[in-house]
Every structure is written in C-alpha cells, then in structure tokens.
Amino acid sequence: MRPGYDRKIIVERGVDAREIEVSVLGNDEPVASLPGEIIPQSADFYDYKAKYVDCERRAADDPGRDLGEELTAEIQRLAVLVFQAIDGSGLGRVRLFSGTRHGKKLLVNEIHHTMPGFTSISMYPKMWEASGISYSELIDRLIELAF
C-alpha cells in the first residue's frame, strides 16, 4: 500500500434535503432550542471557506423559519430524544435532514456533545438567543448545569 492511501473507504448515499440544527440544553430534563439552518452562500460543497468565511448562519427567529410549528416541534422532540439516548448532559447540538426526496420525514444526521466555539458565528448560542435566552444567561445556565 502506498503512503497517503487507505485500503478501505466509506461511501454514503447522498441525501437531497435541508440540514437543520438544534441546540439542546439540560441534564435530567433537557430542552431544545428553535432550529437553525446553515446555508453556504458561495459553494456547492460545505468546505472550510464556506463554513468560516462566506457562510450565512440562520437561527430561526420565527419558529423554524419556514418549517412551521408542527415540524419545528417534531425536530425539537427528536433532538431531545437523541440527546437522552446518548445520556447527554449540559449541552449538545443535533443535526437533522428535513424534506428528503422521499417525503417530509426527518433523518437524524449527527449529535455533537462537545463544547462549541461560542464565537460570533457559533450556531449554539444564536439558536438560544432566537429562543429567548441571551448569551450571558446561556453561560450562567451552562455553569449551573456543570455543578
């Protein structure tokens, strides 16, 4: 085998859908924020430049933008279930695919249970701000949950 190559790869089927992200906060009784969506503005592929330089990050400030109340509630319910399934505590971010070619079903893509960057472009605090929790209040809640 030549350096720089592997003998195995993983190939996943593409999903033609919107990627929706939800922030989860809590320990024993976690809650989910309003959903947000990351929309690359200048690239077909979500690469470094699209993510950190040219990206528009939208936290839903009108429950779920155009998702509607029923779908928003289902996204939040699934996010909490996923968080509980991994025995999450403190915080988490759940990403789902919505509106696949096969109907309006939701597919859980991934969960992050690591501390997000909390920078000016971080979705975690943006989604909580859109949900009515300010940045400073969010930090206070995370510290309380840690104790």
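The shown structure was predicted, so the numbers you read here are calculated from the model rather than taken from an experiment. (Residues numbered from 1 in each chain as written. Predicted model: local features only at pLDDT ≥ 70, side-chain atom pairs only at ≥ 80, totals over all residues. Heavy atoms only, no water.)

Engineer: Please set out the nonpolar core residue by residue, giving values where relevant.
Structural biologist: Ranked by internal contacts, the top residues of the largest apolar core, which has 15 residues, are V22, I75, A79, V94, L96 and L106. Contributions of two or more residues to this core are made by β1 (18-26), α2 (69-85) and β5 (90-98). When residues of this core are assigned to their parent elements, the largest contribution, seven residues, is made by α2. Ignoring any residue separated from it by four or fewer positions in sequence, one finds V94 in contact with I20, E21, V22, V24, A79, V82, V108, E110 and I111. L91, Y124, W128 and I133 belong to the second largest nonpolar core, which has eight residues in total. (Core = buried A, V, L, I, M, F, W, Y, C linked by side-chain atoms within 4.5 Å. Buried < 20%, exposed > 50% of the residue type's maximum accessible area, 1.4 Å probe, protein only. Helix = DSSP H or I, 4+ residues; strand = E, 2+ residues; numbered from the N terminus. Contact = heavy atoms within 4.5 Å.)

Engineer: I'd like to hear about α2, residue by residue, with values.
Structural biologist: For α2, with 17 residues, the first-to-last C-alpha span of 24 Å sits near the 24 Å given by 1.5 Å per residue. Listed in full, the buried residues belonging to α2 are L71, T72, I75, L78, A79, V80, V82 and F83. For α2, the secondary structure elements touched by its buried residues are β1, β2 (31-32), β5 and β6 (106-112). Just downstream of α2 lies D87, where phi reads positive at about 60 degrees. (Expected span 1.5 Å × (residues − 1).)

Engineer: So what about the pattern of salt bridges? Which residues, and what values?
Structural biologist: Two side chains with opposite charge may pair up if their charged atoms get near one another. If you walk through the whole model with that rule in mind, you get five salt bridges. The partner of E74 in a salt bridge is R77, and the shortest N-O contact between them spans 2.8 Å. Of the two residues, E74 and R77 are both situated in helix α2; the distance of three residues between them amounts to about one turn of the helix. For E74, a relative accessible area of 29% gives the class partly exposed. Of the residues examined, R77 reaches a relative accessible area of 42% and is grouped as partly exposed. Here the residues in one salt-bridge network are E21, R95 and E110, joined through shared partners. (Salt bridge = Lys/Arg side-chain N within 4 Å of Asp/Glu carboxyl O.)

Engineer: Describe the layout of surface pockets, naming the residues involved and giving the relevant values.
Structural biologist: Roughly 230 Å³ of internal volume is contained in the second largest pocket. Together, E12, R13, G14, V15, A17, R18, E19, F97, L107, V108 and N109 line the second largest pocket. It is β6 that provides the largest number of residues to the lining of the second largest pocket, a total of three residues. Per-class residue counts for the lining of the second largest pocket are five nonpolar, two polar and four charged. (1 Å grid on protein atoms, 1.4 Å probe; cavity = no way out; pocket = protein on both sides within 12 Å on 5 of 7 lines; lining within 4 Å. Points joined across faces, edges and corners; volume = space filled by probe spheres on them. Nonpolar A, V, L, I, M, F, W, Y, C, P; charged D, E, K, R; others polar.)

Engineer: Account for the side chain of S98, naming residues and giving values.
Structural biologist: By the secondary structure assignment, S98 is in strand β5. The residues touching S98, leaving out its near neighbours within four places in the chain, are A17, R18, I20, L67, L71, K105 and L106.

Engineer: An account of helix α3 (residues 123-130) is requested, with residue identities and associated values reported.
Structural biologist: By the burial criterion, the buried members of α3 are M123, Y124, P125, M127 and W128. G132 occupies a position one or two residues after α3 and carries a positive phi of about 100 degrees.

Engineer: An account of the side chain of S122 is requested, with residue identities and associated values reported.
Structural biologist: With respect to the helices and strands, the residue S122 is situated in the loop between β6 and α3. For S122, the side chain forms a polar contact with the main-chain nitrogen of F118, separated by 3.0 Å. (Polar contact = N/O pair within 3.5 Å; in protein donor to acceptor, adjacent residues only side chain to side chain.)

Engineer: Can you break down the confidence of the model for the protein chain residue by residue, with the values?
Structural biologist: Mean pLDDT over the protein chain works out to 82, with 78% of the residues at or above the 70 mark. The least confident element of the protein chain is strand β4 (residues 56-59), whose mean pLDDT is 54; the most confident is β2, at 97. Considering only residues more than four positions removed or in separate chains, one finds that residues 60-64, a stretch of pLDDT under 50, has twelve contacts. (pLDDT = per-residue confidence, 0-100.)

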